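Here's the letter readout for the chains.
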Amino acid sequence: MASADTPLAELDERALVDACLADDPGAFDLIVERHRRSVYQLCYRFVGNHEDASDLSQDVFLRAFRGLRAFRGQSSLATWLYRIGVNVCLNRLKAKSPLSAPTESIEERQFIDVRAESPPERMLKDERGARVRAAIAQLPRKQRVTLILRTYHEMSHQEIADVLGSSIGAVKANFFHALGNLKKLLGEEF
Amino acid sequence: MHLNAVELIDVAEGTRSEASAPHLASCDECRRQLTDLRAMMSTAAAFDVPEPSPLFWDHLSERVRNVVAQDVPGRSLQDAATWRRLLMPLSAVAAASLIVAVVLSSRVLAPQSGAHGDAEKVALRTPLAPAPPSTTGAATDLFNDPASDDDLSLTLVASLTADLDLETAGEAGLAPHGSAEHAVTNMNDDELRELRRLLNEQLAPSGA
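This section reports on the structure supplied with the text.

Calculation notes
- Residues numbered from 1 in each chain as written.
- Chains lettered and ligands numbered in written order.
- Predicted model: local features only at pLDDT ≥ 70, side-chain atom pairs only at ≥ 80, totals over all residues.
- Heavy atoms only, no water.
- Helix = DSSP H or I, 4+ residues; strand = E, 2+ residues; numbered from the N terminus.
- Buried < 20%, exposed > 50% of the residue type's maximum accessible area, 1.4 Å probe, protein only.
- Contact = heavy atoms within 4.5 Å.
- Areas by Shrake-Rupley, 256 points an atom, 1.4 Å probe, with all protein chains shown as cover.
- Buried area = accessible area lost by both parts, 1.4 Å probe.
- Salt bridge = Lys/Arg side-chain N within 4 Å of Asp/Glu carboxyl O.

In terms of regular secondary structure, chain A is built from nine helices and zero strands. Counted from the first residue to the last, chain A has its helices and strands arranged as α-α-α-α-α-α-α-α-α. Here chain A holds 190 residues, and 46% of them are scored as buried. Summarising the internal contacts of chain A: among those between residues at least 6 apart in sequence, 59% fall at separations of at least 24. For chain A, the accessible area works out to roughly 9600 Å², and carbon and sulfur atoms hold 50% of it.

Quick look at the interface of chain B and chain A now. Counting residues at the interface gives 41 residues for chain B and 47 residues for chain A. Considering only the surface of chain B that becomes buried against chain A, M40, F47 and W57 of chain B emerge as the three largest contributors, covering 16% of it. Summed over the shared surface of chain B and chain A, the number is seven salt bridges. Across the pair D71 of chain B and R66 of chain A runs a salt bridge whose closest N-O atoms are separated by 2.8 Å. For the side of chain B that touches chain A, the elements supplying multiple residues, two or more each, are α1 (5-13), α2 (28-46), α3 (54-69) and α4 (80-87) of chain B.

Following the sequence through the fold, K172 of chain A ends up in helix α9 (residues 168-186). Residues contacting K172 of chain A, with those up to four places away along its chain left out, are H157 of chain A together with V6, I9 and D10 of chain B.

Residue and element names in this part refer to chain A. Even without a glycine there, the phi angle at D23 is positive, about 60 degrees. By relative accessible area, D23 is classed as partly exposed at 28%. Here E154, not a glycine, exhibits a phi torsion of approximately 50 degrees, which is positive. Its place among the elements puts E154 in the loop between α7 (141-151) and α8 (157-164). Its relative accessible area of 69% is what places E154 among the exposed residues.

Turning our attention to the pattern of salt bridges. As enumerated under the stated definition, the model contains 16 salt bridges over all chains in all. Put simply, E18 of chain B and R31 of chain B hold a salt bridge, and the shortest N to O gap is 3.3 Å. Taken as a pair, E18 of chain B in the loop between α1 and α2 and R31 of chain B in helix α2 lie far apart in primary sequence, 13 residues in all. You can call E18 of chain B partly exposed: its relative accessible area is 29%. Between D36 of chain B and R32 of chain B there is a salt bridge, and its shortest N-O distance comes to 2.9 Å. Residue D36 of chain B and its partner R32 of chain B are located together in helix α2, separated by four residues, close to a single helical turn. A single network of salt bridges, built from pairs that share partners, joins D29 of chain A together with E62 and R65 of chain B.

This is the structure:
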């Protein structure tokens, strides 16, 4: 139980959620600050561009805010936000038809990279990365979702099957075809 | 017999050993497919989300803060604090209309003084005030309805309008004849309870 003098930053997740529900100013801001990077990365992997990922991230946090009363603490706040994020992204993929390749502007690619790479190496890597993300964005929806959840979120086949409402065998087949199509889209260079 | 998609994925991910699939040793096609699968898995994993500008994170937090601050109508009726935030920015007339509609839907009080066409004066009271004697017997005092006693939000609204009567509201342009507010004052008990149920249902929060 948090006392009135306990700083927000020292509250555990349950107490922080309670603070949000008690209209404690800054409580939800702190939740956003702690989880904005992971939420953004999740959204970006689905839509492949910064602008849509930013919009989706906002949607995820708004839905989380509205559903705070439903948070029971049975899972971590990160997992709970993650499930909301996946649903938001899946709904976006369903609504956005036909699928279009993301267009990363030059500015989006020129981000600060703290790794020790020479500028030409970094530019080449950024270019290759942009091509890979563009190719993933062109995959059919279930193949894209399967590849993202398996590759970047290390979800089990069973968990992915639960998300997509399909079988483990179908998930593995989707993953197989996703990787095959990815190779066709990227060509021999990769 | 060639390995199918599921079997190739199992071998590529390491959940099944190559030794358990002896066909691989003798089939160039299956070995090529296995090599391609592993290469693409590595490629996809190697190129993740590019890092946005450091300024982006605070901007995202600001956007979320703004949209959350505007999301007041999405909150529950049970939240009295939310009702205050909802009502404060409204104009006086809009706020009074909303108050009359909600309060009259659950707090029909004093009996009407006459038949339709006579001047109607309905006194709105707090839940703790005693009910006036009914002269027509038609109006039912819902103050004593135990189902409504624990509704803090409606208690708050009722207390804010304790001194408001329908005649005054009408003179202010609120609840004119034919309006929704006016219709509410002519609902029977069952209709008023149903209206309140519908209002609560519409304004209930949705979980994720």
